[in-house]
Amino acid sequence: MNAVLRTQLAGVARRPSRMLLTGLAILVASFVVYATVLAQQITVRSVLNGLSGTPEAVGLVVGNGEVDGDMLTAISALPGVAEAAGRVQIGSQVGGRYLNVSADPGRGPLSLVALASGRYPSAAGEIAITPRTAQLTGFAVGTSADLDPGTGTKVPVTVVGLVTARDDFGYDAYAPWTTVSALGAGERLNQIDVRLDPGADPDAVRSRIDALVAAAPADGRPEVATGADVRLAEARAASADVNSVFAVVGMFVAIAVAAAGLIAASTFRIVFAQRMRQLALLRAVGAGRGSTFRALATEGALTGLLTGLTGVLAALAVGHALPPLLRAAGFTVASPGFPVFRGIGTVLLAVVLTVVAVLAPAVSASRVAPLEALRSASTTGARTGIGVLRWIAGLLPLAGAVAVAAYVVANLPGADTENYEVMPMLLAVVLSGTLAFIALIALGPVLVRPVLALAGWPLRRLGPVGRLAVGGVGGSARRAAAVSVVVALGVTLVAGVLVGQASMRVLMERETAASAPADFDLTGGDGVTLPDGFAERAARSGELTRVTPYRRVSSVTVGDVDAPVTDVDTTALPRFADLDYHAGSASGLGSGKVVVARFVADLAGLTVGDTATVRGAKGPVPLVVIGVLSDMGPLHSGLLVTPEDLTRLGAPAAYSGILADAAHDGAEGRTEALRALRAVPAGDTAYSVDILADQRDQIESGLRMVLAVALGLIGLTVLIAVVGVGATTALSVVERARESGLLRAIGMSRGALRTMLTTESALYGVIGAVLGLALGVPYAWLALQAVGLNAPLALPGWQLAAAFVALVVLTALAGVFPARRAARVSPVSALGTE
């Protein structure tokens, strides 16, 4: 071990806190990486344990071929077979709603359902439904209805029980195989689940079944598999979605790791600048540049090894402590294993990351001449400019970012664009954003100055403390840029997600204004009209408001285009105000006028002011186009006309449906309104109520979930950025100990010194947030346009302001503890610090 390395390691041993601060971002990144590995393992194991659709009692499965009732009977009679269950599903319609009827024995080890109330079907025409299905259809035990299995003949069925199942989508019913067969499935089966007798030889039973199916035609011969293999395949198929989710998580973790590398490089540069005098003495007594560089690089590798190992062990402890706590709270969560090789890989990643981060600071430190390095350490880090090479390294990627963004803008999809490829354009947006961020890293010290001048203007007017804080940040623009760039990365991602979510919410509101303009829709299915008096009964209910009957014809012709048409009153429901128009509007809708959907206008070649010849059951009707919607028309229609014109087109006088809103807010108000509207048909199951409010709630819930997940993942980068601010402030306190002592000696109070250093930390957040917003908002708009969803740019001002303030507060808090530590040091001790 050379003398330089021994000296450096001895210094680290004397001040281990400095190593901790230098590698703190790497420690956090290592924790995040290995915690993600354990989280994926926990999730996949939980999925494998609980998401197989084949019961544990199934020993053999016959499927993937032509399976029928005769084969089911023959397998049931084989020696060693305790029970065989046929699986088949059939889709049907009940009162205009889809209903999926599945075959299940209903009891015993092969059953996929459990009886909740009533009894399980045992006779023809009996079904059991899930609780969610009962809620959406309004059916209860004892309800009878006509089921249309698509055979042209309706079959009367009676609900005799409620059952719970693994999945409850709201359109699920169950019955024995014989009942499902009679509904229209015939003798066909999807598969046969076989339970073996206790003590039976699985191989012998499988051989008997193989011999049985060998008689089937070769092109439709079914396969025989073990239940364990089928369960594993089902669980792996389910876990594939989990792996896809964690692939996305991995992308955000990679961004956080890159941010940790930037922070580590900045902190190494600060630490090496503080030790310039020591390095100069070593150079003066004969240490070469190469030995100095190797010693500093070795120190970086050691820092990565220790912090990476600490992060992995911490993640392992949390990963094994959390599942038992969740299970105690009632959640079914599996425990992770001990993925040793991935742990070693995470530690190696930390070592590589720190070595890469330390290279540039180590090269700079080893190249400093002894006489220059013997100067005060504080002057070394105070350079604010950048050299020619750095200008070139910043301007070239900036030019590339602008060029790629211009290419994306020039090739954005238009209204009539066909065969548009989304993925290449999104990748181009990502490439442009990456180049822009690289330019920001290189040009950061230059960009810090104007931002600091603007943000520091009010601080300078608050007195000496404010001026000193601004001067402290501005005096080391390179350091401020290195830290602020990582904050900017987090803010860029946050701003992009917030703008994207707000824009998608506006788009969803426009689309649901057409598809779900009210809370409820009472209909009788395609072509079925409502009897007289339904609308009046609904209007008399005190639980319903804005009761709006409408008529709808499933198809009329405009030129060569077939489209549905409706006469719903768009002024009766407030959500219709969110309809988006490509041209014109519906405000002047009257007799002889029409509003058309975008697809009708494009295919028929219509614009506002044209006369469209609409052909219905009573012949052609000329209508003037006064508006073209950006998407579909109300209630998935292609044309919107007045009731008079719809009658001229041949529509019957009876209403097709009734839209209504709940008169009272909240879940209870919606429940009472649903009960009132379901009472209108007086128990006639030919009519059903669609809960349109659920569609809006599901969309809103989905948007909130995506926002929460995205912000949580981006929070990894923000966390590392805040850690970097805290580490930088702490190292800056050590570096500027003499300065702090001098300020205290000339009269600055401890509180003022704390305020100054905390304000400096906050300024790192301000600079990063401004730069992040400047990048995040434009690239969010570009990404939205590249996707081709026709989503408008929506700026969530309050959310962006809250994100800005939150980042500034977090970075300020990161500097509180270093500032308190600096304020506790006496002026005499600080002035004596080298």
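If you're wondering where the values come from, they're calculated on a predicted model, not measured in any experiment. (Residues numbered from 1 in each chain as written. Predicted model: local features only at pLDDT ≥ 70, side-chain atom pairs only at ≥ 80, totals over all residues. Heavy atoms only, no water.)

Participant: Lay out the side chain of Thr-759 with the relevant residues and their values.
Facilitator: Looking at where Thr-759 falls in the secondary structure, it is placed in helix H23 (residues 750-787). For Thr-759, the side chain forms a polar contact with the main-chain oxygen of Thr-755, separated by 2.6 Å. Not counting the four nearest positions on each side in its chain, Thr-759 is found in contact with Leu-459 and Ala-469. (Helix = DSSP H or I, 4+ residues; strand = E, 2+ residues; numbered from the N terminus. Polar contact = N/O pair within 3.5 Å; in protein donor to acceptor, adjacent residues only side chain to side chain. Contact = heavy atoms within 4.5 Å.)

Participant: A description of a nonpolar patch on the surface should follow, citing residues and the corresponding values.
Facilitator: A surface patch of nonpolar side chains, amounting to about 600 Å² of accessible area, comprises Phe-338, Val-340, Phe-341, Ile-344 and Leu-348. Assignment of secondary structure puts Val-340 in helix H10 (residues 340-367). Given the relative accessible area of 51%, Val-340 is considered exposed. (Patch = residues over 30% accessible without salt bridge, like charges linked within 9 Å, V, L, I, M, F, W, Y side chains within 5 Å. Areas by Shrake-Rupley, 256 points an atom, 1.4 Å probe, with all protein chains shown as cover. Salt bridge = Lys/Arg side-chain N within 4 Å of Asp/Glu carboxyl O. Buried < 20%, exposed > 50% of the residue type's maximum accessible area, 1.4 Å probe, protein only.)

Participant: Tell me about the sheet that holds strand E12 (residues 520-523), and name the residues and values.
Facilitator: Sheet architecture is open: 4 strands sit in the order E13-E21-E12-E22, paired in antiparallel fashion. Whereas interior strands pair on both sides, the edge strands pair on one side only; in this sheet they are strand E13 (544-550) and strand E22 (688-691). Strand-to-strand twist of the sheet, defined as the mean angle between neighbouring strand axes without regard to direction, takes the value 20°. Summarising the sheet, E12 and strand E21 (residues 657-662) pair through 4 bridges and their orientation is antiparallel. Bridged to Phe-520 within E21 is Ala-660. (Pairing = 2+ DSSP bridges. Axes fitted to C-alpha atoms, helices over the stretch in contact; angles between N-to-C directions.)

Participant: I'd like a rundown of the pairing of strand E19 (residues 619-629), residues and numbers included.
Facilitator: The buried fraction of E19 is high, at 8 of 11 residues. The pairing of strand E16 (residues 581-584) with E19 spans 3 bridges and is classified as antiparallel. Residue pairing across strands places Tyr-581 opposite Leu-629, the latter belonging to E19. Taken together, the 4 bridges between strand E17 (residues 593-596) and E19 define a ladder with parallel strand orientation. What sits directly across from Val-595, in E19, is Gly-627. The pairing of strand E18 (residues 611-616) with E19 spans 6 bridges and is classified as antiparallel. Paired with Arg-615 across the bridge in E19 is Pro-620.

Participant: Describe the environment of Arg-744, naming the residues involved and giving the relevant values.
Facilitator: Along the chain, Arg-744 falls in helix H22 (residues 737-745). Along the primary structure Arg-744 and Ser-826 are separated by 82 residues, whereas in three dimensions their C-alpha atoms are 8.1 Å apart.

Participant: Run through the environment of Ser-503, naming residues and quoting values.
Facilitator: With respect to the helices and strands, Ser-503 occurs in helix H16 (residues 477-515). Ser-503 gets classed as buried once you look at its relative accessible area, which sits at 0%. Remark: the alpha-carbon pair of Ser-503 and Trp-781, spanning 278 residues in sequence, is separated by 8.9 Å. Each residue touching Ser-503, except ones within four places of it in the same chain, is listed here: Leu-784, Ala-791, Pro-792, Leu-793 and Ala-794.

Participant: Go over the packing of H16 against H23 with me, naming the residues and quoting the values.
Facilitator: In the contact formed by H16 and H23, the axes pass within 5 Å of each other and the chain directions differ by 40°. Put simply, H16 runs oblique to H23. For the crossing formed where H16 meets H23, the hand is right-handed. Taken together, the residues of the contact of H16 with H23 break down into 17 nonpolar, 9 polar and 1 charged. (Parallel < 35°, antiparallel > 145°, perpendicular 65-115°, else oblique. Left-handed = near helix turned anticlockwise from the far one by under 90°. Nonpolar A, V, L, I, M, F, W, Y, C, P; charged D, E, K, R; others polar.)

Participant: So what's going on with the pattern of salt bridges? Residues and values would help.
Facilitator: What the rule picks out here adds up to 18 salt bridges. Note that Asp-104 is salt-bridged to Arg-87, the shortest N-O span being 2.8 Å. Remark: Arg-87 occurs in strand E2 (residues 81-87) and Asp-104 occurs in the loop between strand E4 (97-103) and strand E5 (113-118); sequence separation between them is 17 residues. The salt bridge partner of Arg-119 is Glu-126, with a shortest N-O separation of 2.6 Å. Judged by relative accessible area, Arg-119 falls into the partly exposed class, the value being 37%. The buried category is assigned to Glu-126, whose relative accessible area is 12%. Beyond isolated ion pairs, a larger network of salt bridges with shared partners links Asp-519, Arg-546, Arg-575, Asp-661 and Arg-696.

Participant: Residues and numbers for the sheet that holds strand E1 (residues 60-68), please.
Facilitator: With respect to topology, 4 strands assemble into an open sheet ordered E2-E10-E1-E11, the strand pairing being antiparallel. With partners counted over all chains shown, the strands left at the sheet margins are E2 and strand E11 (223-226), one partner each. Neighbour to neighbour, the strand axes of the sheet diverge by 20° on average, direction disregarded. Direction of pairing for E2 relative to strand E10 (residues 188-196): antiparallel, over a ladder of 6 bridges. Considered in E10, the bridge of Glu-83 is made with Arg-195. Of the strands in this sheet, E1, E2 and E10 are in contact with helix H3 (residues 69-76), which crosses E1 at around 150°.

Participant: If you had to explain the layout of surface pockets to someone new, which residues and values would you point to?
Facilitator: Empty space left among the atoms is revealed by rolling a probe the size of a water molecule over them. The computed volume of the largest pocket comes to approximately 1600 Å³. Lining the largest pocket are 40 residues, and of these Met-251, Phe-252, Val-430, Leu-493 and Ala-783 sit closest to its centre. The set of elements that each furnish at least two residues to the lining of the largest pocket consists of helix H7 (227-274), helix H14 (422-460), H16, helix H21 (692-735) and H23. Looking at the lining of the largest pocket, the element that brings in the most residues is H14, giving 10 residues. Taken together, the residues that form the lining of the largest pocket break down as 33 nonpolar, 7 polar and no charged. (1 Å grid on protein atoms, 1.4 Å probe; cavity = no way out; pocket = protein on both sides within 12 Å on 5 of 7 lines; lining within 4 Å. Points joined across faces, edges and corners; volume = space filled by probe spheres on them.)

Participant: Any details on helix H9 (residues 289-328)? Residues and values, ideally.
Facilitator: Here H9 spans 59 Å end to end across 40 residues, near enough to the 58 Å set by a 1.5 Å rise per residue. Looking at the residues trailing H9, positive phi occurs at Gly-330, about 105°. (Expected span 1.5 Å × (residues − 1).)

Participant: Which residues make up unusual backbone geometry, and what values do they have?
Facilitator: Phi is positive for Asn-64, close to 55°, though the residue is something other than glycine. Within the secondary structure layout, Asn-64 lies in strand E1. The phi torsion at Leu-635 lies on the positive side, around 55°, for a residue other than glycine. Mapping Leu-635 onto the fold places it in the loop between E19 and strand E20 (639-640). In this structure Leu-635 comes out as buried when scored by relative accessible area, which is 7%.

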